[in-house]
Amino acid sequence: QAIGDTMATLSVDSLRKEYEDSTAVHDLSFDVKDGQFCAVLGPSGCGKSTTLRMVAGLETPTAGHVYIDGVDVTELAPGKRDIGMVFQNYALYPHMTVAGNIGFPLKIRNTPKSEIGARVGKVAELLGLSALLDRKPKQLSGGQRQRVALGRAIVREPKVFLFDEPLSNLDARLRTDMRREIRTLQQELGVTSLYVTHDQVEAMTMGDKILVLNDGRLQQFDTPKNVYDHPKNLFVAQFLGSPTINVVEGEILASGEFKCDYFVTEIDENFQEGRAWLAFRPEHVEFHEPMIPCVRLAVDNILSELHGHEYIVQGNIGSATIQSRSNSSDVGQHWFVPTKLLHCFRG
Ligand code: ADP
């Protein structure tokens with residue numbers, strides 16, 4: 001049997017976790033399809049790990065169900081769920097060799113020695129660890145250790161991979177390399193994956209889908225592109241993107257226009273009258289005189305930062321700071337012109 005023969009849909013239905021004084025996860029439902037990679041993204045404390053741990057069987061849900069391949073596994077022990085897990089701290093056995101660590105899940109299931117050897121060999125080859133099989137974890141670099149932890153999760157050929165911030169302990173350069181490695185490997189193996197991270201770049205670059213959580217509640221579940229281009233609410237809009245999206249507070253008038261202290265503009269969406277926030281991304285701010293009459297922001301306190309390939313230029317309108325990504329730091333007339341006023345949000 002080849003690694004990755006098994007594929008499975010992971011379904012989470014109305015999953016809820018209450019602690020004595022708080023609710024960590026509120027009635028969360030989502031499906032990760034066969035072979036898909038789903039990133040669970042949100043700030044610290046939003047319920048990501050709790051969700052993952054309930055899927056793994058390490059935490060008992062207060063309510064709701066988890067299905068793998070259509071089978072309700074909510075009551076099953078972790079070892080019976082056919083999942084492979086990779087954590088932030090690699091949790092390798094220090095006294096065992098690389099081969100011993102990778103083969104451990106097979107050994108405790110009484111797999112014949114010859115089969116363990118063959119499967120460990122194959123996984124080690126896949127992960128570029130073949131030359132290191134006799135080493136102990138302390139003789140490895142951080143990236144190599146994380147690869148061993150990956151190998152241990154893969155070797156059993158699980159139906160689902162669960163990752164809990166697996167790259168947080170690595171330096172920036174290695175994180176970039178490893179995130180590509182994990183993604184490539186996951187695609188090769190085609191194993192359905194749930195990947196917890198607070199890093200929007202990881203979620204954006206790795207996920208087929210991103211599930212955005214805040215305060216234990218689902219904010220949006222969509223492709224990275226849709227989450228970025230069409231955020232469902234202000235939280236999602238502000239959580240993804242660097243520099244952060246520009247936001248101006250104002251109100252929707254009876255005419256349907258958006259009005260704030262600095263300008264009035266038409267918006268595409270239909271909104272009821274009342275308080276609202278208009279948002280536009282830094283890459284949609286230019287400095288030239290607008291071709292068509294539109295919003296023109298008179299900014300002061302202009303500050304520009306060279307980031308090598310571009311400038312981040314910021315300016316103030318009233319108390320709001322507006323940022324622009326630009327090829328030039330030459331703001332000219334001191335006007336910022338949003339070329340796309342994509343998003344309008346209610347409180
Ligand atoms: P994240 O992984 O997004 O950082 P967690 O899932 O670890 O968030 O935690 C979600 C919320 O649940 C947090 O407010 C946290 O304080 C709370 N929490 C987690 N574990 C426990 C526990 N054993 N008892 C009480 N509260 C907990």
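One can find the structure itself at the top, above this paragraph.
Rules of the game
- Residues numbered from 1 in each chain as written.
- Predicted model: local features only at pLDDT ≥ 70, side-chain atom pairs only at ≥ 80, totals over all residues.
- Heavy atoms only, no water.
- Helix = DSSP H or I, 4+ residues; strand = E, 2+ residues; numbered from the N terminus.
- Buried < 20%, exposed > 50% of the residue type's maximum accessible area, 1.4 Å probe, protein only.
- Contact = heavy atoms within 4.5 Å.
- Areas by Shrake-Rupley, 256 points an atom, 1.4 Å probe, with all protein chains shown as cover.
- Lys, Arg positive; Asp, Glu negative; His and termini not counted.
- Charge placed at Lys NZ, Arg CZ, Asp CG, Glu CD.
- Core = buried A, V, L, I, M, F, W, Y, C linked by side-chain atoms within 4.5 Å.
- Near = heavy atom within 4 Å.
- Polar contact = N/O pair within 3.5 Å; in protein donor to acceptor, adjacent residues only side chain to side chain.
- Nonpolar A, V, L, I, M, F, W, Y, C, P; charged D, E, K, R; others polar.
- Pairing = 2+ DSSP bridges.
- Axes fitted to C-alpha atoms, helices over the stretch in contact; angles between N-to-C directions.
- Disulfide = S-S within 2.5 Å.
- Phe/Tyr/Trp six-rings, centres within 6.5 Å; stacked < 30°, edge-to-face > 60°.
- Lys NZ or Arg CZ within 6 Å of the ring centre and 35° of its normal.

**Some details on the overall build of the protein chain**
Regarding its fold elements, the protein chain presents eight helices and 21 strands. Residues counted as buried form 49% of the 347 residues belonging to the protein chain. Long-range pairs, those at least 24 residues apart, make up 67% of the contacts in the protein chain between residues at least 6 apart in sequence. Roughly 16800 Å² of accessible area belongs to the protein chain as shown, and the carbon and sulfur atoms make up 46% of that amount. A gap of 10 Å separates the mean positions of the 36 positive and 44 negative side-chain charges of the protein chain.

**Some remarks on the nonpolar core**
Ranked by size, the top nonpolar core spans 33 residues in total, and within it Ile102, Leu150 and Phe163 carry the most contacts. At the level of elements, helix 2 (98-107), helix 3 (113-126), helix 4 (142-154), strand 7 (160-164) and helix 5 (172-189) are the ones that each hand at least two residues to this core. When residues of this core are assigned to their parent elements, the largest contribution, five residues, is made by helix 4. Not counting residues up to four positions away in its chain, the partners in contact with Ile102 are Val120, Val123, Leu129, Val148, Gly151, Arg152 and Val155. With 26 residues, the next largest nonpolar core counts Val40, Ala56, Ile68 and Val196 among its residues.

**Things to note about the site of the ligand**
Surveying the vicinity of the ligand reveals the residues Tyr19, Ala24, Pro43, Ser44, Gly45, Cys46, Gly47, Lys48, Ser49 and Thr50. Between the ligand and the protein, one listed contact pairs an oxygen atom with a backbone N or O atom of Cys46 at 3.1 Å. Residue Lys48 places a side-chain N or O atom 2.9 Å away from an oxygen atom belonging to the ligand. Compared with its free state, where it exposes 560 Å², the ligand has 56% of that area covered by protein. Among the elements that make up the shell around the ligand, the one with the highest residue count is helix 1 (residues 48-56) (three residues). Of the residues that constitute the shell around the ligand, the class distribution is four nonpolar, five polar and one charged.

**With respect to the sheet that holds strand 6 (residues 83-87)**
Strand pairing within a sheet occurs via backbone hydrogen bonds; the two strands may be parallel or antiparallel. Taken in spatial order, the six strands line up as 6-7-8-3-9-10 in an open sheet, and their pairing is mixed. Where the open sheet ends on each side, the last strands, each with one partner, are strand 6 and strand 10 (217-222). Strand-to-strand twist in this sheet, taken as the mean axis angle between neighbours without regard to direction, amounts to 15 degrees. Most of the contacts of helix 1 go to strand 7, to which it runs at about 150 degrees, and overall it touches strand 3 (37-41), strand 6, strand 7, strand 8 (192-197) and strand 9 (209-214).

**Remarks on the state of the cysteines**
As used here, a disulfide is simply a covalent bond connecting the sulfur atoms of two cysteines. The full count for this structure, using the stated rule, is zero disulfides. As a non-bridged cysteine, Cys38 has Cys46 as the owner of its nearest cysteine sulfur, 13 Å distant. By relative accessible area, which is 0% here, Cys38 ends up buried.

**Some details on the environment of Phe280**
Structurally, Phe280 can be placed in strand 14 (residues 274-280). Phe280 sits in the buried class, given a relative accessible area of 1%. Along the sequence, Phe280 and Thr339 sit 59 residues apart, while their C-alpha atoms lie 8.5 Å from each other.

**Considering the sheet that holds strand 20 (residues 335-338)**
The strand order across the open sheet built from three strands is 15-20-16, with neighbouring strands paired in antiparallel fashion. Unpaired on one side and paired on the other, strand 15 (285-286) and strand 16 (297-298) mark the two borders of the sheet. In this structure, strand 16 lies alongside strand 20, joined through two bridges in antiparallel fashion. Paired with Leu297 across the two strands is Phe336, which belongs to strand 20.

**Some remarks on the packing of aromatic side chains**
Counted under the stated rule, the structure contains nine aromatic pairs. Residues Phe235 and Phe239 carry aromatic rings whose centres are separated by 5.5 Å and whose planes lie at 20 degrees to one another, so their mutual orientation is stacked. Within this pair, Phe235 and its partner Phe239 are both found in helix 8 (residues 234-239), separated by four residues, close to a single helical turn. Feature note: the residues Phe37, Phe161, Phe163 and Tyr195 constitute an aromatic cluster, connected by ring pairs. When the ring centre of Phe221 is taken as reference, the NZ or CZ atom of Lys209 above it lies at 4.4 Å. Of note, Arg296 hangs over the ring of Trp335, and the distance from its end group to the ring centre comes to 3.7 Å.

In short, geometric facts, not functional conclusions.
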